[in-house]
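Report on the structure
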Amino acid sequence: MALLRWGLGRQNVHRSSRVLLLKLTVIVISVLLLCEYFIYYLVIFRCHWPEVKTLAPGDDQEPVLKAMFLADTHLLGEIRGHWLDKLRREWQMERAFQTALWLLQPEVVFILGDIFDEGKWSTPQAWADDVQRFQKMFRHGSHVQLKVVIGNHDIGFHYQMSKYRIKRFEEVFSSERLFSWKGVNFVMVNSVAMEGDGCSICSEVEAELREISRKLNCSREQVQGSSQCEGEQRLPFSTPVLLQHYPLYRASDANCSGEDAAPPEERNVPFKEKYDVLSQEASQKLLWWLQPRLVLSGHTHSACEVLHPGGVLEGSLTSRDYALSKCYLPFEDRVLTTYGAAVSFLVLLVLAHFERLPSSLLSGWKRCRMHTKR
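None of these values were measured; they are calculated from a predicted model.

1. Focus on the overall build of the protein chain
In terms of regular secondary structure, the protein chain is built from 8 helices and 9 strands. If you sum the accessible surface of the protein chain, you get close to 21200 Å²; carbon and sulfur atoms cover 57% of it.

Written as structure tokens, this is what we have:
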């Protein structure tokens, strides 16, 4: 009888351990799924496409273009990228991008430069590996167009860029400078080449922009029918959206605000022309040549809305108007807090289990001794 009771006690302990293991497994898998998968749906689900202002009564309804803008993905390379850091960052970017595609259904996606972190010095093999990873992370269906702008980390700063690096980039991402869709004109500028020092690449880029300016002018009503536009394929009559990596000139981020603006201690730090922002001269050229209604850029890693003389996401655009809204991703500190809370709960669960275990064994042993004495 004593052996039977002792055996039952051991069975109860084993059963309790199996239940604990099952609980731990369920909790761990649930937390992983939440923090690494479902959280992107929960956060991005709150994003929405902004509504473009309605037209005056009697006007024809214009088609609305849904465009998503990203910048500075900085895919780590073989030199500065630790494999664990790369794995973590790239998983986050892939899940965020794929979730946004599924929930928001954009028609076109623009990435505003610095796609890669080490494109300015990567070897041909490293470049090919980085491109392959990019194409896996940012895969998309044929119904979505992906357009990319050159950044300084992709081809190097002005003194580092070369025709080889530019050609290597454009063989993957196209050399398209002027893109029109649903009546909206987009001009994509290699802002790294807007140095203004007369270098061969800079001169070629400025010549391309002057030609784009001429085409845009030919699309405007006031010059239609002029001799310079005869035989020209007409662009949509739409003031363009300017897309580039470097921002147009501004003195600093002093007037910027919002959750994703620069920290207060950095907002009054003066920007360096041709490094942090374009020069005043280059900025004036772009505004004069293209007369854009909207300019979107990256590079500073902080958000700022600026009104330039004469007048920055998800965006809804028509040929006449636009509306923008920001879409935030999960905050890393909240994810880490969730993991920390889960670990604390698991530790408490295990401690509670092992605190009950000795008392269970002790009571079984006592019952065994009592029956033995009898």
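2. Section: the confidence of the model for the protein chain
Per-residue confidence for the protein chain gives a mean pLDDT of 84; residues scoring 70 or more make up 84%. Within the protein chain, strand β8 (residues 314–317) has the poorest average pLDDT of any element, 67, and strand β2 (residues 108–111) the best, 96.

3. A word on unusual backbone geometry
Residues other than glycine seldom take positive phi values, yet Ser174 does so here, at roughly 80°. The phi angle at His301 is positive, at roughly 65°, despite the residue not being glycine. As for its position among the elements, His301 is in the loop between β7 (294–296) and β8.

4. Quick look at the pattern of salt bridges
The full count for this structure, using the stated rule, is 19 salt bridges. Where Arg250 meets Asp253, a salt bridge forms, and the shortest distance between an N and an O atom there is 2.9 Å. In this structure, Arg250 and Asp253 share a single accessibility class: buried. Across the salt bridge formed by Lys285 and Glu281, the nearest N and O atoms sit 3.9 Å from each other.

5. A short note on the packing of helix α6 (residues 200–219) against helix α7 (residues 280–290)
It is at 8 Å that the axes of α6 and α7 come closest, and there the two elements cross at 30°. Taken together, the axes of α6 and α7 are roughly parallel relative to one another. For the pair α6 and α7, the contacting residues are Glu206, Leu209, Arg210, Ile212, Ser213 and Leu216 in the first and Lys285, Leu286, Trp289 and Leu290 in the second.

6. Here we look at the packing of aromatic side chains
Counted under the stated rule, the structure contains 18 aromatic pairs. For the ring pair Tyr37 and Phe38, a centre distance of 5.3 Å and an interplane angle of 90° mean the geometry is edge-to-face. Here Phe38 falls in the partly exposed class, since its relative accessible area comes to 41%. Taken together, Phe97, Phe116, Trp127, Phe134, Phe138, Phe169 and Phe173 form an aromatic cluster joined through their ring pairs. One residue, Arg95, lies across the ring of Trp91, its end atom 5.8 Å from the ring centre. Lying over the aromatic face of Tyr275, Lys272 brings its terminal NZ or CZ to 5.3 Å of the ring centre.

7. Points about the environment of Val205
Mapping Val205 onto the fold places it in helix α6. Through-space distance from the C-alpha of Val205 to that of Met194 is 7.7 Å; in sequence the pair is 11 residues apart. Each residue touching Val205, except ones within four places of it in the same chain, is listed here: Asn190, Ala193 and Met194.

8. Quick word on the sheet that holds strand β6 (residues 241–243)
Ordered in space as β4-β5-β6-β7, the 4 strands form an open sheet in which the pairing is mixed. Across the chains shown, the open sheet's two edge strands, defined by having one partner strand only, are β4 (178–181) and β7. Taking each pair of neighbouring strands and ignoring which way they run, the sheet shows an average axis angle of 20°. Judged from the 3 bridges that link them, strand β5 (residues 184–188) and β6 form a sheet pairing that is parallel. Bridged to Met188 within β6 is Leu243. Sheet strands touched by α6: β4 and β5. Its angle to β5, the strand with the most contacts, is close to 170°.

9. Digging into the environment of Ala261
Residue placement: Ala261 occurs in the loop between β6 and α7. Sequence separation between Ala261 and Thr300 is 39 residues; the distance between their C-alpha atoms is 9.9 Å. If near-sequence neighbours (up to four positions away) are discounted, Ala261 is found in contact with Cys256, Arg267, Ser302 and Ala303.

10. Section: the nonpolar core
Counting 51 residues, the largest nonpolar core has Phe134, Val187, Leu209, Leu286 and Leu290 as its most contacted members. Of all the secondary structure elements, the ones that give two or more residues to this core are α2 (83–104), β2, α3 (124–137), β3 (145–148), α5 (163–173), α6 and α7. It is α6 that provides the largest number of residues to this core, a total of 6 residues. Those residues within four positions of Leu286 in sequence are excluded, and the remaining contacts are Val189, Met194, Leu209, Leu242, Gln244, Leu248, Leu278, Gln291 and Pro292.

11. Re α5
Looking only at α5, the buried set comprises Ile166, Arg168, Phe169, Glu170 and Phe173. Looking at the buried positions of α5, the neighbouring elements they touch are α3, β3, α4 (152–155) and α6.

12. Concerning α2
For α2, which comprises 22 residues, the first-to-last C-alpha distance of 31 Å matches the rise-based estimate of 32 Å (1.5 Å per residue) to within 8%. Looking one or two residues beyond α2, the residue adopting positive phi is Gln105, at roughly 55°.

13. Some points on the state of the cysteines
Overall, the coordinates contain 3 disulfides when judged by the stated rule. Disulfide pairing is shown between Cys47 and Cys327; the S-S distance is 1.9 Å. Handedness here is read from the sign of the S-S torsion; for Cys47 and Cys327, about 80°, the answer is right-handed. Note on Cys47: relative accessible area 14%, which makes it buried. One disulfide in the model links Cys256 with Cys304; its S-S distance is 1.8 Å. Its S-S torsion of about -75° marks the bond between Cys256 and Cys304 as left-handed, since a negative value means left-handed. Of this pair, Cys256 sits in the loop between β6 and α7 while Cys304 is found in the loop between β7 and β8, placing the two residues 48 residues apart along the sequence. Across the pair, Cys304 and Cys256 agree in class, each one buried.

The rules behind these values
Residues numbered from 1 in each chain as written. Predicted model: local features only at pLDDT ≥ 70, side-chain atom pairs only at ≥ 80, totals over all residues. Heavy atoms only, no water. Helix = DSSP H or I, 4+ residues; strand = E, 2+ residues; numbered from the N terminus. Areas by Shrake-Rupley, 256 points an atom, 1.4 Å probe, with all protein chains shown as cover. pLDDT = per-residue confidence, 0-100. Salt bridge = Lys/Arg side-chain N within 4 Å of Asp/Glu carboxyl O. Buried < 20%, exposed > 50% of the residue type's maximum accessible area, 1.4 Å probe, protein only. Axes fitted to C-alpha atoms, helices over the stretch in contact; angles between N-to-C directions. Parallel < 35°, antiparallel > 145°, perpendicular 65-115°, else oblique. Contact = heavy atoms within 4.5 Å. Phe/Tyr/Trp six-rings, centres within 6.5 Å; stacked < 30°, edge-to-face > 60°. Lys NZ or Arg CZ within 6 Å of the ring centre and 35° of its normal. Pairing = 2+ DSSP bridges. Core = buried A, V, L, I, M, F, W, Y, C linked by side-chain atoms within 4.5 Å. Expected span 1.5 Å × (residues − 1). Disulfide = S-S within 2.5 Å.

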